[in-house]
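Coordinate analysis (summary)
Each chain, letter by letter, is given below.
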There are 2 protein chains.
Amino acid sequence: MKIELQQVLPEEIEKRSFEIIGEELGNRCLNPVEEPVIKRVIHTTADFDYAENLIFSDGAVMKGMEALKKGAVIISDTQMVRAGINKPALEVLGGEALCFIADEDVAAAAKANGTTRATAGIDKAAKLNKPMIFAIGNAPTALVRLYELIREGKMKPELIIGVPVGFVNVVESKELILELKIPFIVAKGRKGGSNVAAAICNAMLYQCRPRA
Amino acid sequence: MKIELQQVLPEEIEKRSFEIIGEELGNRCLNPVEEPVIKRVIHTTADFDYAENLIFSDGAVMKGMEALKKGAVIISDTQMVRAGINKPALEVLGGEALCFIADEDVAAAAKANGTTRATAGIDKAAKLNKPMIFAIGNAPTALVRLYELIREGKMKPELIIGVPVGFVNVVESKELILELKIPFIVAKGRKGGSNVAAAICNAMLYQCRPRA
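Residues numbered from 1 in each chain as written. Chains lettered and ligands numbered in written order. Predicted model: local features only at pLDDT ≥ 70, side-chain atom pairs only at ≥ 80, totals over all residues. Heavy atoms only, no water.

**Looking at the pairing of strand S5 (residues 159-162) of chain B**
All names here are of chain B. Of the two faces of S5, the one lined by Leu-159 and Ile-161 and the one lined by Ile-160 and Gly-162 are each fully buried. A crossover links strand S4 (residues 132-136) with its parallel partner S5, the connecting element being helix H9 (residues 140-151), and its sense is right-handed. Relative to strand S6 (residues 184-187), S5 runs parallel, the two sharing three bridges. Paired with Gly-162 across the strands is Val-186, a residue of S6. (Buried < 20%, exposed > 50% of the residue type's maximum accessible area, 1.4 Å probe, protein only. Helix = DSSP H or I, 4+ residues; strand = E, 2+ residues; numbered from the N terminus. Right-handed = clockwise from strand over helix to strand, strands pointing away. Pairing = 2+ DSSP bridges.)

**Examining the UniProt feature "domain: Cobalamin biosynthesis precorrin-8X methylmutase CobH/CbiC" (unreviewed entry) in chain A**
The feature "domain: Cobalamin biosynthesis precorrin-8X methylmutase CobH/CbiC" (unreviewed entry), as annotated in UniProt, sits at residues 12-206 of chain A in this numbering. Between the C-alpha atoms that bound residues 12-206 of chain A there is a distance of 16 Å. The span itself is 53% helix and 12% strand. (UniProt positions renumbered as here; feature names shortened; annotations may be inferred.)

**Structural notes on the relation of the copies chain B and chain A**
Placing chain B over chain A gives an RMSD of 0.0 Å and needs a rotation angle of 180°, together with 0.0 Å of translation along the axis. Seen this way, the second copy is the image of the first under a two-fold rotation axis. Among all residues of chain B, the minimum C-alpha distance to the rotation axis is found for Met-80 of chain B, at 2.6 Å. Here 100% of the contact residues of chain B are again contact residues in chain A; the copies associate through an equivalent surface. (Least-squares fit on C-alpha atoms with pLDDT ≥ 70 in both. Contact = heavy atoms within 4.5 Å.)

**Describing the sheet that holds S5 of chain B**
Residue and element names in this part refer to chain B. Taken together, six strands build an open sheet; the order of strands is S1-S6-S5-S4-S2-S3 and the sheet is mixed. Of all the strands in the sheet, the pair left with one neighbour each is strand S1 (54-56) and strand S3 (97-99). The mean inter-strand angle of the sheet, taken between neighbouring strand axes irrespective of direction, is 15°. (Axes fitted to C-alpha atoms, helices over the stretch in contact; angles between N-to-C directions.)

**Topic: the pairing of S6 of chain B**
All names here are of chain B. Burial along S6 is two-sided: Phe-184 and Val-186 and Ile-185 and Ala-187, pointing in opposite directions, are all buried. Relative to S6, S1 runs antiparallel, the two being bridged by three bridges. Of the residues in S6, the one forming a bridge with Leu-54 is Ala-187. For the crossover from S5 across helix H10 (residues 170-178) to S6, the handedness is right-handed.

**A word on the interface of chain B and chain A**
Listed as interface residues are 44 residues of chain B and, on the opposing side, 45 residues of chain A. Note on chain B versus chain A: buried area summed over both sides is about 3500 Å², and carbon and sulfur give 69% of it. By the criterion of area lost to chain A, the three top residues of chain B are Met-80, Phe-167 and Val-168 of chain B, representing 21% of everything that side buries. At the boundary of chain B and chain A, one finds four salt bridges. A salt bridge links Asp-47 of chain A to Lys-191 of chain B; the nearest nitrogen and oxygen atoms lie 3.9 Å apart. Run the count over chain B and chain A and you get five residue pairs in polar contact (both at pLDDT 80 or more). No other element matches the six residues that helix H1 (residues 13-25) of chain B contributes to the side of chain B that touches chain A. (Buried area = accessible area lost by both parts, 1.4 Å probe. Salt bridge = Lys/Arg side-chain N within 4 Å of Asp/Glu carboxyl O. Polar contact = N/O pair within 3.5 Å; in protein donor to acceptor, adjacent residues only side chain to side chain.)

Below is the structure:
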């Protein structure tokens, strides 16, 4: 069997990919503000389940973009999410990508309190005095802690991207976020991941670019 | 609706997750050397398609582990893969996680030759005189370049982890790798990703640990 590669210029690959995703989504009706987010997640996973799984609170994408435009920081639960975020696109808006999971004080607090480091990382973030977007791609315990702090009135993030992946408390942690009265983008069910979290951040960042 | 979280100690979450994955895989017959790799990819994606998609050349996992034990470097196509690899587990074996995608010389070579930076990154790796494992989670052009260099006798990696994700030349690039006579682990079809590439590396690294 002869394997034939398509001749596509490097700078055209992403554009062609999004065209294919659009074709395969067919005439499904997507909210035009949410559509670039959904398509970028499918682009990142090749998994069309996300056309169904992603749940947006009212106006979540616009609110996330407004926060980014005023220089919100993006706080992630893993270094992988941080690595996947387009830092130049974020920094040009005055933002920054932070992840506390490997910090020594976070490890010490987690050990002292018998929590995950992800939980301790949220506690550390709660002390920041900045507009914050949380991008949680791995740790349900991070979402649970966000839920607790928000319900206690101790935190008010601009947006929660709640897309941890997995089998223990993942579904439940995302259901908790769906109960909150703050902006969220959640991948219902077990699926998600660091790549999904980063893709959602980037989809919003790319929409913040000034039009040519 | 009351959302009930399971009470699981932080250090037990992964163990419980793998038990659930094992239960849901049921009595499917997996090669015992490949099984930890397959399960870790499912753990990372919550996508049981990988029980079918992952193709291993004969003895690929063992050969990858042997290479790691002799200090092979892992070269990835994205910073996200590199971020996801357990560096302490790799470094204790004498290895290192490398990614050339953001290097200035790679960007310049890509521009001069009209290729992707991923292609130019493989050319840079080809000059290393070390045992190498490639972990490709994003760029089909990286796999195509590996295929070309290997067919031309210019490179002989210990293992190729070929799991790019996407829509343009992704399926075809992976089919090319399946034709090679060197060890490979490939996710057939469109699915894959940086998270999958890192999970495969980590599954092998964790099996290299001395038994307690």
